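# Summary of structural features
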Amino acid sequence: MLILNKTTGVFSKPSKRKMYEYLRSFNFHPGKIFLHKLVLGIETSCDDTAAAVVDETGNVLGEAIHSQTEVHLKTGGIIPPVAQQLHRENIQRIVQEALSVSKVCPSELSAIATTIKPGLALSLGVGLSFSLQLVDQLKKPFIPIHHMEAHALTIRLTNKVEFPFLVLLISGGHCLLALVRGVSDFLLLGKSLDIAPGDMLDKVARRLSLIKHPECSTMSGGKAIEHLAKQGNKLHFDFKPPMQRAKNCDFSFTGLQHVIDKTITQKEKEEGIEKGQILSSAADIAAAVQHITACHIAKRTHRAILFCKQRDLLPQSNAVLVVSGGVASNLYIRKTLEIVTNATQCTLMCPPPRLCTDNGIMIAWNGIERLRAGLGILYNIEGIRYEPKCPLGVDISKEVGEAAIKVPKLKMNI
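Residues numbered from 1 in each chain as written. Predicted model: local features only at pLDDT ≥ 70, side-chain atom pairs only at ≥ 80, totals over all residues. Heavy atoms only, no water.

With that settled, consider helix α13 (residues 360–373). Taking 1.5 Å per residue as the helical rise, α13 with its 14 residues ought to reach 20 Å, and the 20 Å between its terminal C-alpha atoms agrees with that figure. With twelve of 14 residues buried, α13 is to be regarded as a mostly interior element. Turning to α13, its buried residues are Gly360, Ile361, Met362, Ile363, Ala364, Trp365, Asn366, Gly367, Ile368, Glu369, Arg370 and Leu371. Capping of α13 at its N-terminal end is provided by asparagine 359; its side-chain oxygen lies 3.0 Å from the backbone amide nitrogen of isoleucine 361. Of the residues one or two after α13, glycine 374 is the one with positive phi, at around 70°. (Helix = DSSP H or I, 4+ residues; strand = E, 2+ residues; numbered from the N terminus. Expected span 1.5 Å × (residues − 1). Buried < 20%, exposed > 50% of the residue type's maximum accessible area, 1.4 Å probe, protein only. Polar contact = N/O pair within 3.5 Å; in protein donor to acceptor, adjacent residues only side chain to side chain.)

This is the structure we're talking about:
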């Protein structure tokens, strides 16, 4: 098996025996001929082990995923060594399942595409290690994938979307706004300066002990907040939007989280309950938190649209805003963004919910996009490494801030 050099993240040359035995274990139905390019995508950047086979027309021929959510809910968050071990235990089965469902023989693949950046180092290492063994055994090209690029391009699998378009990626690990001008041509307009919105919502859910709430016990933190918020009054708590004076497209959620923590502590004192018990005002807090998070995201996105139109980076009418990532499945946040796109004559587009969260399909599709464009296809895997931190595209956020565009106030009546 591969040996990882921990200081550099580089793998030594893999052993072939185990991979050869693994590939021999496949049972395929002979006679099926594939006329299109076929890419196997492998995703292990965080806590989902996923794989898929996609062809160049966008047909998903086979997919499989193993979610670690239940395990991490019990531990109160993702513990990297635990995630790594679960990836190791499941990756072979998941890849085999995706290939078997697709009825594609590994030798028929055009390339193997794998997330190598950004993400949890220990998780990325598992996917890269396994992929390099496959690539070495099958003698196929390898396509390293930037996780956020894959999220951004997923919409082109499900809808006919031409370049350029604006993308907002919001998840538990990422938050950014970028102009997508081509398959690997991105202008970064703004990003979170601290934590991601999904991370903040998860932390608030843990602080409110929503895992003990009978309606939320099996939900992720973000889903629990969204569910409980429907029963609450967002006006009962007056949380202020972050970064109100900064006329840029960056985000911040840490300060807001601290204010919410203090509010929860104060309410616990008022209600005479200990930390870990559920507040009677939990639904109101969830509603207020969701609302202020949505407003913050919407305002920064509004400014990004205005900036791009001002600089003729997007068409003046019928421009497209793509919203993806796990938090994009929050319908309240989506509705605030609809208000923004309606006010700016843009079209809001989101991939289906199952493609908003991490999956193998988006990695395989990103591989297809790069294969067609002839970008980043490696025939020599010597020295390939994963990158836990890696920006997306060319950062022009300073230029956006210098433009200091004032955003008209919109009524968020939802």
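Having seen it, we continue.
When a strand is regular, its side chains alternate between the sheet's two faces. With eight of eight residues buried, strand β4 (residues 48–55) is to be regarded as a mostly interior element. What you see with β4 is no split at all: Asp48, Ala50, Ala52 and Val54 on one side and Thr49, Ala51, Val53 and Asp55 on the other are buried throughout. Connecting the antiparallel pair strand β3 (residues 38–43) and β4 is a turn made up of four residues. Judged from the seven bridges that link them, β4 and strand β5 (residues 60–67) form a sheet pairing that is antiparallel. (Pairing = 2+ DSSP bridges.)

Here we have five strands laid out as an open sheet, ordered β5-β4-β3-β6-β7, and mixed in their pairing. The sheet is open, and its two borders are formed by β5 and β7 (142–146), each paired with just one other strand. Neighbour-to-neighbour, the strand axes of the sheet open up by a mean angle of 20°, direction not taken into account. (Axes fitted to C-alpha atoms, helices over the stretch in contact; angles between N-to-C directions.)

Moving on to the confidence of the model for the protein. Confidence in the prediction of the protein, expressed as mean pLDDT, is 91, and 91% of residues score 70 or more. Every residue in residues 1–14 scores below 50 in pLDDT, and together they form 35 contacts with partners more than four places removed in sequence or on other chains. (pLDDT = per-residue confidence, 0-100. Contact = heavy atoms within 4.5 Å.)

Peptide bonds are trans in most cases, and residues, glycine excluded, mostly fall at negative phi. The omega angle of the peptide bond from phenylalanine 163 to proline 164 is -5°, so this bond is cis rather than trans. If you trace the backbone, proline 164 turns up in the loop between α6 (155–158) and β8 (165–170). The backbone of lysine 103 sits at a positive phi, close to 60°, despite the residue not being glycine. Structurally, lysine 103 can be placed in the loop between α3 (80–102) and β6 (111–117). On the basis of relative accessible area, lysine 103 is assigned to the partly exposed category, the value being 36%. Although it is not a glycine, alanine 404 adopts a positive phi angle of roughly 45°. By the secondary structure assignment, alanine 404 is in the segment after α14 (397–403).

Spatial strand order, β12-β11-β8-β9-β10-β13: six strands in an open sheet with mixed pairing. Because the sheet does not close on itself, it has two edges, and the strands there are β12 (346–349) and β13 (394–395). Alignment of strand β9 (residues 175–182) against strand β10 (residues 185–191), held across six bridges, turns out to be antiparallel. If you follow leucine 177 over to β10, its bridge partner there is glycine 190.

What follows deals with the environment of glutamine 68. Summarising the element assignment, glutamine 68 is placed in the loop between β5 and α2 (69–75). The buried category is assigned to glutamine 68, whose relative accessible area is 1%. C-alpha separation for the pair glutamine 68 and cysteine 295, spaced 227 residues apart in sequence, amounts to 30 Å.

What follows deals with the packing of aromatic side chains. Tallied over the full model, the rule gives three aromatic pairs. Ring centres of phenylalanine 163 and phenylalanine 165 lie 5.9 Å apart, and the angle between their planes is 10°; on these two criteria the pair is classed as stacked. Plain terms: the ring middles of phenylalanine 251 and phenylalanine 253 are 6.4 Å apart, the flat faces sit at 10° to each other, and that makes the pair stacked. Judged by relative accessible area, phenylalanine 251 falls into the buried class, the value being 0%. (Phe/Tyr/Trp six-rings, centres within 6.5 Å; stacked < 30°, edge-to-face > 60°.)

It is worth spelling out a nonpolar patch on the surface at this point. Together, Val71, Ile79 and Val82 line one region of the surface with nonpolar side chains, adding up to about 180 Å² of accessible area. As for its placement among the helices and strands, valine 82 is situated in helix α3. Note on valine 82: relative accessible area 30%, which makes it partly exposed. (Patch = residues over 30% accessible without salt bridge, like charges linked within 9 Å, V, L, I, M, F, W, Y side chains within 5 Å. Areas by Shrake-Rupley, 256 points an atom, 1.4 Å probe, with all protein chains shown as cover. Salt bridge = Lys/Arg side-chain N within 4 Å of Asp/Glu carboxyl O.)

Helix α4 (residues 121–138) packs onto α3 with a crossing angle of 30° between their chain directions and a minimal axis gap of 8 Å. When the interaxial angle is binned, α3 and α4 end up roughly parallel. Judged by the sense of rotation from one axis to the other, the crossing of α3 with α4 is right-handed. For the pair formed by α3 and α4, the contact residues are Pro80, Pro81, Ala83, Gln84, His87, Arg88, Ile91, Gln92 and Val95 on the first element and Leu122, Ser123, Val126, Gly127, Phe130 and Leu134 on the second. Class assignment of the residues belonging to the contact of α3 with α4 gives a composition of nine nonpolar, five polar and one charged. (Parallel < 35°, antiparallel > 145°, perpendicular 65-115°, else oblique. Left-handed = near helix turned anticlockwise from the far one by under 90°. Nonpolar A, V, L, I, M, F, W, Y, C, P; charged D, E, K, R; others polar.)

The next subject is the layout of surface pockets. In this structure, the second largest pocket encloses a volume near 660 Å³. Lining the second largest pocket are 25 residues, with Pro241, Cys295, Lys409, Leu410 and Met412 sitting closest to its centre. (1 Å grid on protein atoms, 1.4 Å probe; cavity = no way out; pocket = protein on both sides within 12 Å on 5 of 7 lines; lining within 4 Å. Points joined across faces, edges and corners; volume = space filled by probe spheres on them.)

Most of β3 is tucked away: six of the six residues are buried. Residues Leu38, Leu40 and Ile42 of β3 are buried on one face, and the alternating residues Val39, Gly41 and Glu43, pointing to the opposite face, are buried as well. With six bridges connecting them, β3 and β4 associate as antiparallel partners. The partner of valine 39 across the bridge, within β4, is valine 54.

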